[in-house]
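Coordinates in review
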2 protein chains.
Amino acid sequence: MTEGALPTQPIVLQVNEQAVYVDTGDPLPETSDAVIPIEIVEPLDEDGNPAQDIRAPRSIRIRAAVNPWMHVRPMGEDMVASQLVLPAGHVLRPVDLGVIAASGNTSITVAVQPKVAVIPTGSELVPIGDPLSPGEIIEFNSLILAAQVQEWGGYATRLAIVPDDLHQIQTAVSKAAKSHDLVLVSAGSSAGAEDFTAQVIESLGEVFVHGVAVRPGHPVILGKIEVVNEGDQTRLSRSVPVIGIPGYPVSAALTGEIFVAPLISRWLGRPSKSPEKVTATLTRKITSPPGDDDYVRVALGRVGDRLLAAPLARGAGVISSLARADGLALLPRGSQGKPAGAEIEVSLYRSLEEINRTIFATGSHDVTLDIMGQFLYQSGRRLAIASVGSIGGLLALKRKEAHLAGSHLLDPQTGEYNIADIQKYLPGVAVRVVTLVGRVQGLLLQKGNPKGIRNLADLTKPGVTFINRQRGSGTRVLLDYQLAKQGISSHDIHGYQNQEYTHLTVGAAIASGRVDCGIGIAAVTQSLDLEFIPLFEERYDLIIPQEHVSGQLLAPLVDLLENKDFKHMVAGLPGNDVSEMGKVVAELH
Amino acid sequence: MTEGALPTQPIVLQVNEQAVYVDTGDPLPETSDAVIPIEIVEPLDEDGNPAQDIRAPRSIRIRAAVNPWMHVRPMGEDMVASQLVLPAGHVLRPVDLGVIAASGNTSITVAVQPKVAVIPTGSELVPIGDPLSPGEIIEFNSLILAAQVQEWGGYATRLAIVPDDLHQIQTAVSKAAKSHDLVLVSAGSSAGAEDFTAQVIESLGEVFVHGVAVRPGHPVILGKIEVVNEGDQTRLSRSVPVIGIPGYPVSAALTGEIFVAPLISRWLGRPSKSPEKVTATLTRKITSPPGDDDYVRVALGRVGDRLLAAPLARGAGVISSLARADGLALLPRGSQGKPAGAEIEVSLYRSLEEINRTIFATGSHDVTLDIMGQFLYQSGRRLAIASVGSIGGLLALKRKEAHLAGSHLLDPQTGEYNIADIQKYLPGVAVRVVTLVGRVQGLLLQKGNPKGIRNLADLTKPGVTFINRQRGSGTRVLLDYQLAKQGISSHDIHGYQNQEYTHLTVGAAIASGRVDCGIGIAAVTQSLDLEFIPLFEERYDLIIPQEHVSGQLLAPLVDLLENKDFKHMVAGLPGNDVSEMGKVVAELH
């Protein structure tokens, strides 16, 4: 049709007879075997002149021939029938839906979401939001378990709390099993509650396992019960697995991860997903019981060229360790733990990318760090805070285990802060000392000051109980300095030997009525509703090794010290003075 | 109370008067200041004898003193008020819900999911599942976009297809904007459709950008329109961003990733998440237009100690590249591409863990590989198949770019398969040659064989069109060998110069009626509903470098060659012979 067309010898084709307009991507009309690009077409009107309305020409003129199948994309280029586009068991992503539709499928077979019932049991449990009486505990394990089930692809139902009563638990489990594929019985944290679960499963079916050599998570119960579905005319029974979940939150969450997640994956027909793993250096010794697989939650961060794993508080009830954990390390039974500095394998809860954006702050705690964490998060940095006291922080910097340390160590000889201790604990380490905040230390007291405490000397009065800060903390140094100056003997202070690790925990001990008094910064009084008697002003600095100061990781933190909104928020807390924030006190080399 | 208790000098405490039973984790009663572990308590009955019912003793006997606050966990140990538990902008995980409840919060403030309308436009579009006429296209871009929005945390509404009509699109956009926070106008793939979007936004508001220097995704339109909310009495208008999404699927998906995702993140108040990145070695040259940021989808796999990035087919319409992509590489404008062997940075779509479980198969294609992919997926391996022909596969093994190659290269001298070519193309490379499947090659014909083709000689008849396989493919070698043997000149075969890269695409070309005939394996006829005239039997082997044969990665593949279910399924395809599957033909060192 186009054969012989040349620039000097054009050929004219009648539109809709010899040629048809098509859009890119359109299937080729059956009468055609090539496409002419629109760029080389000259549209003509009915008189053979260049067309005014180029969208509806009568004919077109071309000045080059096109070969058969030119500018035609073979239909098979993309996907053809019988080709494996997505394997069974694959979890569909947005683009996969497009691929399925494009390959001509209007429906596909997918795995049914398993229905999972979560039954909280325990007479001491109270629903979230209900008033708490002494001895009662907020029930939230079922919330964690249900959300885990949803995340792993199941469909979870949280049922009402059942008290520690064999018959009531029996009824609840039996009823739930009729309409679910899996029943999780979340026990209260009392040993009695867990006993009921085993009895209930035994009475309705079979207990396979009661107790596993896993820490935390010992008292797990694995079993099954036989049920007939509601409304099922055949009366054929089916087995429903029942898992007794330990009552402590950290045990409960781990039980979900190691027992419930693989079961759901199996039901969904997808290969068990092994989490991404990294090798990291342990910052502290871990002691493991010899007979247990020991799961340890760790915070992860990259300091210099090492990826560090800092073990989090181990208690099965320390729920905050769940939120703080960046990964989970397994120390297999028999290993009996690992020393500090050992390499351990960690399964990641967060992406390595996110972990690489983590700033490890150590040393003394100040509420300003929490505010800093909030601001930094918006700049794409996570601030992980380990509160170990001012001297502990300097030692951590020496071991290269943190990017910076907060410190407020008074040198009694000179009245200056931090420099003397840095020279003592960090000889030869190049650091920048930059002021974060000026603050006021004083007596933290219960609302109304019921014991009428006015000054340090009053701490020795009979009936006054005190809570101290740990050795190595700047506040302890300050207190001891002032006691010596005023000639007060620490032996006369009731509670001087008891210690807490942060201002906030000291404040909490006083707010709860456990003790009458402590020493701390004014900034904590606001949120805890305490009284405060100011005693001394002091300076809280950040000690930043020079190798990190100008790095990309800390850049947003360095910038933050000039940020007006940040300063304003810090200044809003009682006793805080931001006039010297960002001032470089010393560059030590 | 317990002071002075000794093994020889026990002290007895009255239950509920001097001592109270508590469970682990219970708050301490106000009258107590220490906990005695149950293990060292001797329960007594009313007569002072060991109690029968240990759950309800009258009194207890202890033989050791406990110090104040012994076995008491300070309340502040876990979390205290005012401490930053989770930063604002954090995406809540299951454990976080527990932490929030545990810290006494019954509700928290969360970001509202932005409501996003997706409007497909284009007169050529047909909803998924509706019958297709020539010139019509299945509309699935809105499905991808809506699923992307949901995945990124928005709430998506897919609206009905609007034909290419200015007024109708205007009405649809204007109406959607009233009840949504963002409107995505997905254009058909014709240039006209995109023009309408720009006109509509211009008429209702403002176009900021029309066209970006990004490939694929050039014709993106960014703008906003002013609307008054339905039922809003104040009649104050608000700006609603409108994004014109290009019509090609790959462009549409990429536009979502680079323009829509950051906007949703911003609205959700969370820091833009940068994907995990890896550095990989490019297996093929990439040519980029000088003026564009060039986004290239790649398949990733670790072969030996190198992480390899194989660029996927580039066409904006090659939708399967979306599903196959393991990552996205950005070649910034001005770079003009990268040579093979260059290191490139790739943003991951899958976890590195999953990529490390990927087996790269290359060489000749056989449907058995697709079945293999399905079985391997269940064993935790992904099989990525690059079909480059038998000789191409050997060359890829030489470049260490794959874990194995499929090959069926007949040596005309000996009648043996593969060995001669391995010695020619892979000198000095130690490989195992193992048989996968015996198969039948023959003429692939349209249903009913309308041209009455019976043998190779008929390919030279007038009016018969043929589609060839590419040079270097085993099938091409076989054809040329047989043509020579039968004295048929390839010049007499109409279409001998046109080539496809796989059996499946040859089959598709015939099924679509584009050509009459091709050479291929019997196994493809079933799914494509073709006729088949058997010509020759042949052997298809896997060539596996010895360094991979006994590795952990390939272990499930090696096992699979002995798997009954796998053999059974492969044997079920026409022409397949599994009697020699798994037979080691040669160990070459």
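Note that the coordinates shown come from a computational prediction; the quantities given were computed from them, not determined experimentally.

1. Some details on the overall build of chain A
Of the regular secondary structure elements, chain A holds 16 helices and 26 strands. In terms of C-alpha radius of gyration, chain A reaches 35 Å, well past the compact-globule figure of 25 Å for 589 residues. Expressed along its principal axes, the backbone C-alpha trace of chain A runs to roughly 115 × 75 × 45 Å. Here chain A, with 589 residues, has 44% of them falling under the buried criterion. In chain A, once contacts between residues fewer than 6 apart in sequence are set aside, the share between residues at least 24 apart is 72%.

2. A short note on helix α8 (residues 367–378) of chain B
Each full turn of the α-helix corresponds to 3.6 residues, which orients residues three or four apart in the same direction. Residues and elements named next belong to chain B. Every buried residue of α8 is listed here: Val-367, Thr-368, Leu-369, Ile-371, Met-372, Phe-375, Leu-376 and Tyr-377. Those residues of α8 that are buried are in contact with β18 (358–363), β19 (382–385), β20 (404–407), β21 (431–445), α15 (555–560) and α16 (564–571). One or two steps after α8, the chain reaches Gly-380, where phi turns positive at roughly 80°.

3. Observations regarding the confidence of the model for chain A
All names here are of chain A. Residue-level pLDDT values for chain A average 87, and 91% of them are 70 or greater. Scored below 50 in pLDDT, residues 74–82 shows 27 contacts in the model against residues more than four places distant or in partner chains. Predicted complex metrics record ipTM = 0.79 and pTM = 0.79.

4. Topic: unusual backbone geometry
Cis rather than trans, the peptide bond between A:Arg215 and A:Pro216 has omega equal to -5°. Along the chain, A:Pro216 falls in the loop between β10 (214–215) and β11 (221–228). For A:Lys400, which is not a glycine, the phi torsion comes out positive at approximately 55°. Tracing the chain through its elements places A:Lys400 in the loop between α9 (390–398) and β20 (404–407). Backbone geometry at B:Asn449 places phi at a positive 45°, although glycine is not the residue there. The residue B:Asn449 is located in the loop between β21 and β22 (466–469) in this model. Look at B:Asn449 and you get partly exposed, because 16 C-beta atoms sit within 10 Å.

5. Concerning the sheet that holds strand β3 (residues 59–62) of chain A
Residue and element names in this part refer to chain A. Strand order in the open sheet made by the three strands is β1-β3-β2, with antiparallel pairing throughout. Of all the strands in the sheet, just β1 (11–14) and β2 (42–44) have a single pairing partner and so form its edges. For this sheet, the mean angle separating the axes of adjacent strands, direction not counted, is 30°. Note: β2 against β3, three bridges, orientation antiparallel. Within β3, the residue paired with Pro-43 across the bridge is Ile-60.

6. Focus: the pairing of strand β12 (residues 237–245) of chain A
Residue and element names in this part refer to chain A. As paired elements, strand β8 (residues 182–186) and β12 share four bridges and run parallel to each other. Pairing of Leu-184 across the sheet is with Ile-243, part of β12. Relative to β12, β11 runs antiparallel, the two sharing eight bridges. Of the residues in β12, the one forming a bridge with Glu-226 is Ser-239.

7. A short note on the packing of helix α2 (residues 141–151) of chain B against helix α5 (residues 249–267) of chain B
Residues and elements named next belong to chain B. Running from N to C, α2 and α5 point in directions that differ by 25°, and their axes come no closer than 10 Å. By the angle between their directions, the pair α2 and α5 is classed as roughly parallel. Crossing hand, α2 versus α5: right-handed. Counted together, Asn-141, Ile-144, Leu-145, Gln-148 and Val-149 of α2 and Pro-249, Ala-252, Ala-253, Gly-256, Val-260 and Ile-264 of α5 form the full contact between these two elements. Here the residues of the contact of α2 with α5 sort into eight nonpolar, three polar and no charged.

8. Describing the environment of A:Phe532
Residue and element names in this part refer to chain A. Note on placement: Phe-532 falls in strand β25 (residues 531–545). According to the C-beta neighbour criterion, Phe-532 is buried, with 22 such atoms within 10 Å. Other than its neighbours up to four places away in sequence, Phe-532 contacts Gly-442, Leu-443, Leu-444, Ala-522 and Thr-525.

9. Topic: the nonpolar core
B:Ile119, B:Val173, B:Val183, B:Leu184, B:Val298, B:Ala309 and B:Ile510 are the most contacted members of the largest nonpolar core, which totals 148 residues. Residues within four places of B:Leu184 in sequence aside, it is in contact with B:Val116, B:Ala117, B:Val118, B:Ile119, B:Leu145, B:Ile243, B:Ile245 and B:Val260. Judged by nonpolar contacts, the second largest core, of 146 residues, contains A:Ile119, A:Val303, A:Val431 and A:Ile467.

10. Regarding helix α3 (residues 166–178) of chain A
Residues and elements named next belong to chain A. Look at α3: 19 Å from first C-alpha to last across 13 residues, which is about the 18 Å you get at 1.5 Å a residue. For α3, the set of buried residues is Ile-169, Ala-172, Val-173, Ala-176 and Ala-177. Projected onto a plane normal to the axis of α3, the buried residues spread over an arc of 125° and lie on a single side.

11. Side note on the pairing of strand β21 (residues 431–445) of chain A
Residues and elements named next belong to chain A. Within β21, 12 of the 15 residues are buried, which leaves the element mostly enclosed by the surrounding structure. As defined by bridge partners, β21 adjoins strand β24 (residues 517–521) across five bridges and the pair is classed as antiparallel. Residue pairing for β24: Leu-444 is matched across the bridge by Gly-518.

12. Regarding the environment of B:Arg399
Inspection of the secondary structure puts B:Arg399 in the loop between α9 (390–398) and β20. Between the C-alpha atoms of B:Arg399 and B:Thr283, which are 116 residues apart in sequence, the distance is 8.9 Å.

13. Notes on the sheet that holds strand β4 (residues 115–120) of chain A
All names here are of chain A. Spatially, six strands are ordered β7-β4-β8-β12-β11-β9 in an open sheet, and the strand pairing comes out mixed. Lying at the two open borders of the sheet, with one neighbouring strand each, are β7 (155–158) and β9 (205–210). The average undirected angle you get between the axes of adjacent strands in this sheet is 25°. Relative to the sheet, α3 contacts β4, β8, β11 and β12, its axis offset from that of β11 by approximately 65°.

14. Some remarks on the environment of B:Val212
Residues and elements named next belong to chain B. Structurally, Val-212 is set in the loop between β9 (205–210) and β10 (214–215). Distance in space between the C-alpha atoms of Val-212 and Val-240 is 21 Å, their sequence separation being 28 residues. Sequence-distant contacts of Val-212, defined by excluding residues within four places in its chain, comprise Gly-217, His-218 and Val-220.

15. Examining the packing of helix α1 (residues 94–102) of chain A against α2(B)
Remark: α1(A) packs on α2(B), axes separated minimally by 7 Å, with the N-to-C direction vectors making an angle of 165°. Between α1(A) and α2(B), the angle falls in the class roughly antiparallel. The handedness of the crossing between α1(A) and α2(B) comes out as right-handed. Together, A:Pro94, A:Val95, A:Leu97, A:Gly98 and A:Ala101 of α1(A) and B:Asn141, B:Leu143, B:Ile144, B:Ala147, B:Gln148 and B:Glu151 of α2(B) make up the contact between the two elements. Residue classes in the contact of α1(A) with α2(B) are distributed as seven nonpolar, three polar and one charged.

Conventions and cut-offs
- Residues numbered from 1 in each chain as written.
- Chains lettered and ligands numbered in written order.
- Predicted model: local features only at pLDDT ≥ 70, side-chain atom pairs only at ≥ 80, totals over all residues.
- Helix = DSSP H or I, 4+ residues; strand = E, 2+ residues; numbered from the N terminus.
- Rg over C-alpha atoms; globule rule 2.2 N^0.38 Å.
- Buried ≥ 20, exposed ≤ 12 C-beta atoms within 10 Å, placed from the backbone.
- Contact = placed C-beta atoms within 7 Å.
- pLDDT = per-residue confidence, 0-100.
- Pairing = 2+ DSSP bridges.
- Axes fitted to C-alpha atoms, helices over the stretch in contact; angles between N-to-C directions.
- Parallel < 35°, antiparallel > 145°, perpendicular 65-115°, else oblique.
- Left-handed = near helix turned anticlockwise from the far one by under 90°.
- Nonpolar A, V, L, I, M, F, W, Y, C, P; charged D, E, K, R; others polar.
- Core = buried A, V, L, I, M, F, W, Y, C linked by C-beta atoms within 7 Å.
- Expected span 1.5 Å × (residues − 1).
- Arc of directions from axis to C-beta.

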